[in-house]
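Observations on chain architecture
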Amino acid sequence: MNLIQLLTQQFESVKSYARQLGFVATLTLVVAACATQQQQTYDAGVLKARARAHSDLGSVYLQQRNLEVALDEFSIATKIDPTFAMAYNGLGMVHAALSQDALAEMNFKQAIQIEPNNSEAHNNYGNFLCSRGRADESIKEFMAAVKNPLYATPAMAYTNAGVCSLRKQDTRNAEVYFQRALQLEPLFHSAAYQLALIQFNRNDVASAKNTLQNAMLSRPGPELLWLSVRIARLLGNRDDESSYALELRRQYPDSEQAKLLQSGN
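A brief look at the structure comes next.

Cut-off values and rules
Residues numbered from 1 in each chain as written. Predicted model: local features only at pLDDT ≥ 70, side-chain atom pairs only at ≥ 80, totals over all residues. Heavy atoms only, no water. Helix = DSSP H or I, 4+ residues; strand = E, 2+ residues; numbered from the N terminus. Expected span 1.5 Å × (residues − 1). Buried < 20%, exposed > 50% of the residue type's maximum accessible area, 1.4 Å probe, protein only. Arc of directions from axis to C-beta. Contact = heavy atoms within 4.5 Å. Salt bridge = Lys/Arg side-chain N within 4 Å of Asp/Glu carboxyl O. Phe/Tyr/Trp six-rings, centres within 6.5 Å; stacked < 30°, edge-to-face > 60°. 1 Å grid on protein atoms, 1.4 Å probe; cavity = no way out; pocket = protein on both sides within 12 Å on 5 of 7 lines; lining within 4 Å. Points joined across faces, edges and corners; volume = space filled by probe spheres on them. Nonpolar A, V, L, I, M, F, W, Y, C, P; charged D, E, K, R; others polar. Disulfide = S-S within 2.5 Å. Axes fitted to C-alpha atoms, helices over the stretch in contact; angles between N-to-C directions. Parallel < 35°, antiparallel > 145°, perpendicular 65-115°, else oblique. Left-handed = near helix turned anticlockwise from the far one by under 90°.

Looking at helix 12 (residues 238-251)
- For helix 12, with 14 residues, the first-to-last C-alpha span of 20 Å sits near the 20 Å given by 1.5 Å per residue.
- For helix 12, the set of buried residues is E241, A245 and L248. Burial along helix 12 is one-sided: seen end-on, the buried residues are contained in an arc of 60°. Across from the buried face of helix 12, at angles greater than 90 degrees, the exposed residues are D239 and R250.
- On its buried side, helix 12 packs onto helix 11 (222-235) and helix 13 (256-262).

In C-alpha cells, the structure reads:
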C-alpha cells in the first residue's frame, strides 16, 4: 500500500468516526428532548390531578352549602392549574350562591372559554342566567350543552330549558323541551312532572296520565303523587286515587302535598 492509499484510508476512517459521533450527538439530543417532553407531560398530569382533587372537594363543600370552604378549594384548584375549566365552573356556582353575580358570570365564561364543549359549564351558566331573569340567554346555553354528544345528562339541560321557557310564558317551546328530555330519559321525574302539569292545566287529563306513567314506576316524589291523585280524581278512577293518596301519606307525611290532601283539596 503506497502513501496516498494509506492517507485515503485514514481519511475515510476519520469521516466514518465523525459521522458516528454526529449520530450519537443527534441521538442524545433526541433522547433528551423526549425525556424533557415526558417530564413536562408528567408534571402537567400531576398538576391536573391536584387541581381536580381540590375541585372535587369544592363540589362536596358546595353541596353541603359550606360556601366559604368551597370557594377556597376551587380557588386553590385554579392556582394549581389555570387551565382546569371545572374549577372555574365551581367558582361560578359558589359566587352565584353568594349573589356575587359579576364574579359568577366571569368564572362561568372563563370555564367555557377554556373548554367550549364543556356541557356542565354551559348548563350551570344557563341555570344562573335563568335565575337572573335572562331566559333567552339561558336557553342558548342549555342548547349549547346538549350539542355535545358526550354529555352524560342532556335530559337535564332540556328540562332546564323547558323550565326557563315557562318563566317567560313560552308554554309551546317548554312542552317541546320536556318531550325531548323524556325521549332521552323516560323516567326523568322533573320533565315528566312539568309536561304532565302543562297538559293537566289545559284539561288534557288523559295525556297527563300517559306522561306520568313511566315516571310513576320509579320512586315518585310528592309532586308526582299529588298530581297523579288529581288526575285520577278527574278521570273518576277511585282505585288509582286511593292508591296514590295512600302512598303520598305514607312516604311523605310532612310534605305540602300531603297537607293539601289532608285538607280535602
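Overview of helix 11
- Look at helix 11: 20 Å from first C-alpha to last across 14 residues, which is about the 20 Å you get at 1.5 Å a residue.
- Burial in helix 11 covers these residues: P222, L224, L225, W226, L227, S228, V229, I231 and A232.
- In the core, the buried residues of helix 11 are packed alongside helix 9 (189-201), helix 10 (205-215), helix 12 and helix 13.
- The first or second residue beyond helix 11 is G236, which carries a positive phi of 75°.

Concerning the pattern of salt bridges
- Overall, the coordinates contain eleven salt bridges when judged by the stated rule.
- Taking the shortest distance from any N to any O, the salt bridge between R233 and E241 comes out at 3.0 Å.
- In this structure R233 comes out as partly exposed when scored by relative accessible area, which is 30%.
- Residue E256 pairs with K259 through a salt bridge whose shortest N-O separation is 3.7 Å. Placement of the pair is E256 and K259 together in helix 13, with a separation of three residues, close to one helical turn.
- By relative accessible area, E256 is classed as exposed at 53%.
- The network of salt bridges with shared partners includes E105, K109, R134 and E137.

A look at the packing of aromatic side chains
- For the structure shown, the criterion picks out three aromatic pairs.
- With 5.8 Å between their ring centres and 45° between their planes, F108 and F128 make a pair best called tilted. With a gap of 20 residues between them, F108 in helix 4 (residues 101-114) and F128 in helix 5 (residues 119-131) connect regions that are remote in the sequence. Pair check on accessibility: F108 and F128 agree, each one buried.
- The rings of F108, Y125 and F128 are connected pair by pair, giving a single aromatic cluster.

Describing the layout of surface pockets
- Considering only enclosed or pocket space, the largest pocket measures out at about 260 Å³ in volume.
- In terms of lining residues, the largest pocket is bounded by 13 residues, among which S59, M86, N89, M93 and E120 are the most central.
- Considering each element in turn, the lining of the largest pocket owes the most residues, six residues, to helix 1 (residues 3-63).
- Taken together, the residues of the lining of the largest pocket break down into five nonpolar, five polar and three charged.

Focus: the state of the cysteines
- In the structure shown here, the tally under the stated rule is one disulfide.
- One disulfide bridge connects C130 with C164, the sulfur atoms lying 2.2 Å from each other. Disulfide C130 to C164: torsion about the S-S bond roughly 120°, handedness right-handed. Of this pair, C130 sits in helix 5 while C164 sits in helix 7 (residues 154-167); the two residues are 34 residues apart in sequence, bridging distant segments of the chain.
- Classification of C130 by relative accessible area gives buried; the value is 9%.

Observations concerning unusual backbone geometry
- In this model, S99 sits at a positive phi of 60°, which is unusual for a non-glycine residue.
- Mapped onto the secondary structure, S99 falls in the loop between helix 3 (85-97) and helix 4.
- Relative accessible area serves as the criterion here: at 57%, S99 is assigned to the exposed category.
- Residues other than glycine seldom take positive phi values, yet N203 does so here, at roughly 70°.
- Looking at the element boundaries, N203 is found in the loop between helix 9 and helix 10.

Focus on the packing of helix 5 against helix 6 (residues 135-146)
- Where helix 5 meets helix 6, the closest approach of the two axes is 8 Å, and the angle between their N-to-C directions is 165°. When the axes of helix 5 and helix 6 are compared, the pair comes out roughly antiparallel. Between helix 5 and helix 6 the crossing geometry is left-handed. Across from S119, H122, N123, Y125, G126, N127, L129 and C130 in helix 5, the residues of helix 6 making contact are E137, S138, E141, F142, A144 and A145.
- Considering only residue class, the contact of helix 5 with helix 6 consists of six nonpolar, six polar and two charged.

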